[in-house]
Structures are given as structure tokens and as C-alpha cells.
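# Residue-level structural notes
Read off the chains here:
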Amino acid sequence: MGKADFLSPKAIGNRIKSKGLQKLRWYCQMCQKQCRDENGFKCHCMAESHQRQLLLASEDPNKFMDFFSDEFKRGFLELLSRRFGTKRVHNNIVYNEYISDREHVHMNSTQWETLTDFTKWVGREGLCKVDETPKGWYVQYIDRDPETIRRQEEQARKKKQELDDEERSARFIEEQVRRGLGDKEPEENPVFTELKRESEEEKVAFNLGASSSVAGPSKPSSVFGATALKAAASSSTKRKDVPSSSDSKAEKKKKKSALEEIMEMEEKKKQSVRTDYWLQPSIVVKVVTKRLGEKYHKKKAVIMEVRGKYAAVVKLIDSGDKLKLDQAHVETVIPAPGKRVLILNGSYRDTEAVLEGIDEKKFCATLTLDSGHQKGKTVEVAYEDFSKLA
């Protein structure tokens, strides 16, 4: 049979298949068959070959699911260890590289419904270190290869040996010092005697310059008097000099402490402005609770009235229905750049502003204040601290 025409359905189907992965819901893991659309998948399910595979799987379904789960786990961890090593990486990045292989095991045939469930499972099993962040789940492979463990033990042994060598050398030096001190003659212990005067006319003098004090009659006492006067004069001048330097240090310290005190007061002021309630009239919010049904879920509304700080009466923009909702059932709405917003929390609370731009990495936005005494000032405010004005 010759090659199909370029615009024939078969040639088009072959080109679509060669592109790689198709939609997961039209893939049959038992038959390893990828269908292009819903009709093709329906025809495949009615085929005799597929029915035979289902009868075979119905005899022991757990066996096939365990097999596919084990294959998926082994392929995922092998790619993680080979491609990223022991680095911390987002689980979605690893999964996208894993499914780029057309022959991979699809997740809909495993015991895990979502990638998050699989990430939690490998963390509980101790295969990886997992942690959840606002940007998603991150995984870090734990290398338990015997060769790696042996290499780590060898490094630890070498490090311990180096420490033992340092300890031996330190002990040797200490021994040499002890021997050197032992060769010297021990100093004679001073003998202390009681202070007595042979007669009442004799004066007692102390030789302050000598290493040991000697008591006895003093003949030339003028030398001691002059030395004492010089020492007293020098000590008095030192006492006069010390307060001047200490006063300058105290002044510097006082100035620094005053600045720090002002900064602390500003910080406390900002913290005191922040509260755990943020509802304000005339702002646009989004309903996030599912208790009211799909009719109101993810719908935008305008706050008409605030009741008791944590509750509000809202009016849906689409249907006009009025609801009484708690603060936890709604969230703020971030408009397009150039729109007016109201700051709901922080040091600029109740201030209207204009949205200039959004920083997705910092989860905040740049606002230009449009009211108050600081009008025209540009500030950065977190997503949850402002909302669109109605």
C-alpha cells in the first residue's frame, strides 16, 4: 500500500499522533491506546480487544493497579534523581518532563488521583522531602543508594580521622609545655610575718614598686611622699579626662537610642493600624464558599452594608441577589491596572488609590494614593489588603 495523501484523514491523524501526548481522558492504559477524540475513544471501548482486556483486568484489578502505580512511581523517582539529584524542585516541573515521554504510565491508571496525592504519598513513605508553599508543592529526592551511603561514611571517617590527628597533636604540644614547665625550679613561697614596731617612734613604710611588701622603719620618707603626690595628680587628671570621653559616648548613645525609639514608635503605629477585619462598603468581592451551591460560587458582588466588622450584606453583580456572608466566605478582587481600589488594611487603611502594576513574585501590587495628605505617593500593598472599588 502506498503512502497516504498529505491531506487525507489518516495522514492528518498520524501527524497529530507524532506531536506527542494527547488528552488524558481519551487514553486507555490497559490497551495502551491513545484516541484523538471522544468518538474514537467510544469506538475503542466497544471494540472486542478492549473487552478482552477488561475481562482480564476484572479477575484481579488490584494487581494491575499496583503494577501501574509501581511503574509510575519508579519512573517519576528515577527522573527526579537523574535530572535534579537532591535539589529542591517543584513537583509540576518534574511531572511535565515525565509525561513528555509518549510511553509513560498515565496517572489515571494508578492509585493516586492527582499529583498532589502522589507528592504527599512519597513524603509519607520517606522517599522524598516534601513541603507546601503558596506556589505549590516542592519535592527533594533522598538518595539512599548504597554507593552514596558508603561514600558519605567514608567522608565522615576521614573527617573523624583528621579530628583525631588534631587532638593527638594538641595533646603532644600540651605534654611538651608541661615538661618544659617541670624543668624549671619552683619559686619560693613568700613568708608572711606579723606587722610589729619595735618602738612607737619608728614609722612604717611600704615599698609599692617592689614585688613583695616589706614593713620596717622608714628613714627617707620624702621620696614616698613625692611619689604619692605624683600618683594622686595623675589619677586626678585621668578622672577629669574620663568623664569627657564617657559624656561624648553617652551623647552618641542617647542620640542613637532616640532614633531607634522613633523607629520603634513608627513600627508600633503601623502594627496597631493592622486589624483582622477588612470589610468595607462599596468594594467588589468574590464569593469563595461552596455552601451556597454553584450558582453563587466564584461570583462577584458589591458590599452594600457591613454588620459587626466580620459580616456584610452583598449584592451579586450578575443576578442582583442579596446575601449575608461572613468575611471568611469572600475574598478581595484585583482589577486591571489603571482602576481605582480601596486599601483595606495596614498603615494606609481607608485610602483610595489607583492600581499601577502587579508583582506576582512578591504577591503584592504597586498603588498610587489618590486621597489623604499623602496623595500621589506610590506604595506596595499585599493582594489581600486592597480591593476593587464598585
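The notes below deal with the structure included here. (Residues numbered from 1 in each chain as written. Predicted model: local features only at pLDDT ≥ 70, side-chain atom pairs only at ≥ 80, totals over all residues. Heavy atoms only, no water.)

## Side note on the overall build of the chain
The line we're drawing: Secondary structure elements follow DSSP: runs of H or I of four or more residues count as helices, runs of E of two or more count as strands, with numbering from the N terminus. Each residue is assigned to one of three classes by its accessible area relative to the maximum for its type, calculated with a 1.4 Å probe on protein chains only: buried under 20%, partly exposed between the two thresholds, exposed over 50%. By definition, residues are in contact when any of their heavy atoms lie within 4.5 Å. Each accessible area value is a Shrake-Rupley result obtained with a 1.4 Å probe; residue values ignore everything except the protein chains displayed when judging cover.
Assigned secondary structure in the chain consists of eight helices and 15 strands. When burial is assessed residue by residue, the chain has 25% of its 390 residues classed as buried. Sequence-distant contacts in the chain: of pairs separated by 6 or more residues, those separated by 24 or more amount to 43%. Of the roughly 29200 Å² of accessible surface on the chain, a fraction of 52% belongs to carbon and sulfur atoms.

## Here's the deal with the packing of aromatic side chains
Basically, it comes down to this: Each aromatic pair joins two rings of Phe, Tyr and Trp (for Trp, the six-membered one) with centres within 6.5 Å, and gets the label stacked for planes under 30 degrees apart, edge-to-face for over 60, and tilted for any other angle. Charge over a ring is defined by NZ of Lys or CZ of Arg lying within 6 Å of the ring centre and within 35 degrees of the ring normal.
Under the defined criterion, the tally for this structure stands at eleven aromatic pairs. Ring centres 4.8 Å apart and planes at 70° place the aromatic pair Trp-112 and Phe-118 in the edge-to-face group. According to the relative accessible area criterion, Phe-118 is buried, its value standing at 0%. Here the aromatic residues Phe-72, Phe-76, Tyr-98, Trp-112, Phe-118 and Trp-121 are joined through ring pairs into a cluster of three or more. Taking NZ or CZ as reference, Arg-83 lies 4.7 Å from the ring centre of Phe-84, over its face. A cation sits over an aromatic face here: Arg-88 above Tyr-138, 4.2 Å from the ring centre.

## Notes on the pairing of strand 11 (residues 340-343)
Here is the rule: At least two bridges found by DSSP between two strands are what make those strands a pair.
Relative to strand 12 (residues 352-359), strand 11 runs antiparallel, the two being bridged by three bridges. Among the inter-strand pairings, Leu-342 is bridged to a residue of strand 12, identified as Glu-352. By the bridge criterion, three bridges tie strand 11 to strand 15 (residues 386-388) in an arrangement that is antiparallel. Residue Ile-343 lies in a different strand from strand 15, and its bridge partner there is Phe-386.

## Thoughts on the sheet that holds strand 14 (residues 378-382)
Under the convention used in this document: Angles here are taken between N-to-C directions and fall from 0 to 180 degrees, while the axes themselves are lines fitted to C-alpha atoms, restricted in helices to the stretch in contact.
Reading across the sheet, the five strands line up as 14-13-12-11-15 and stay open at both edges, with antiparallel pairing between neighbours. The outermost strands of the open sheet, each flanked by one partner alone, are strand 14 and strand 15. Shown here is a sheet whose adjacent strand axes are inclined to one another by a mean of 45°, direction ignored.

## Let's talk about the environment of Val-288
As for its placement among the helices and strands, Val-288 is situated in the loop between strand 6 (284-287) and strand 7 (300-307). Since its relative accessible area comes to 25%, Val-288 is described here as partly exposed. Sequence separation between Val-288 and Lys-300 is twelve residues; the distance between their C-alpha atoms is 9.5 Å.

## Things to note about the sheet that holds strand 4 (residues 128-133)
Ordered by their spatial adjacency, three strands build an open sheet running 3-5-4, and the pairing between neighbours is antiparallel. Each having just a single partner strand, strand 3 (88-90) and strand 4 make up the two edges of the open sheet. Averaged over all adjacent pairs, the angle separating strand axes in this sheet is 30°, with direction ignored. Bridge count for strand 3 against strand 5 (residues 136-141) is three bridges, and the pairing is antiparallel. Counterpart to Val-89 in the pairing with strand 5 is Val-139. Sitting on the sheet, helix 5 (residues 91-98) is in contact with strand 3 and strand 5, with an inclination near 70° to strand 3. Along the sheet, helix 6 (residues 115-124) makes contact with strand 4 and strand 5, crossing strand 4 at roughly 130°.

## Things to note about the pattern of salt bridges
Our working definition: When a carboxyl oxygen of Asp or Glu lies within 4 Å of a side-chain nitrogen of Lys or Arg, that pair is called a salt bridge.
Taken as a whole and judged by the stated rule, the model has 14 salt bridges. One salt bridge connects Glu-71 with Arg-74, and the closest N-O pair in it is separated by 2.2 Å. Of this pair, Glu-71 and Arg-74 both sit in helix 4 (residues 61-83), three residues apart, which is roughly one turn of that helix. On the accessibility criterion, Glu-71 (26% relative accessible area) is partly exposed. Note that Glu-97 is salt-bridged to Arg-83, the shortest N-O span being 3.3 Å. Placement of the pair is Glu-97 in helix 5 and Arg-83 in helix 4, with a sequence separation of 14 residues. Because the salt bridges share partners, they merge into one network encompassing Asp-70, Glu-71, Lys-73 and Arg-74.

## Some remarks on the packing of helix 4 against helix 6
Note the threshold: Here the word oblique covers every angle except those under 35 degrees (roughly parallel), over 145 (roughly antiparallel) and from 65 to 115 (roughly perpendicular). Here the nonpolar group is Ala, Val, Leu, Ile, Met, Phe, Trp, Tyr, Cys and Pro; Asp, Glu, Lys and Arg are the charged ones; every other residue, Gly included, is treated as polar.
In contact at an axis separation of 12 Å, helix 4 and helix 6 are set at 75° when each is read in the N-to-C sense. The orientation of helix 4 relative to helix 6 falls into the category roughly perpendicular. Residues Phe-72, Lys-73 and Phe-76 of helix 4 form the contact with helix 6, whose participating residues are Leu-115, Phe-118 and Trp-121. Of the residues that constitute the contact of helix 4 with helix 6, the class distribution is five nonpolar, no polar and one charged.

## Observations concerning the environment of Tyr-277
As for its placement among the helices and strands, Tyr-277 is situated in the loop between helix 8 (222-273) and strand 6. Classification of Tyr-277 by relative accessible area gives partly exposed; the value is 22%. For the pair Tyr-277 and Gly-308, spaced 31 residues apart in sequence, the C-alpha separation works out to 9.9 Å. What Tyr-277 contacts, discounting residues up to four positions off in sequence, is Lys-309, Tyr-310, Gln-327, Asn-345 and Arg-349.

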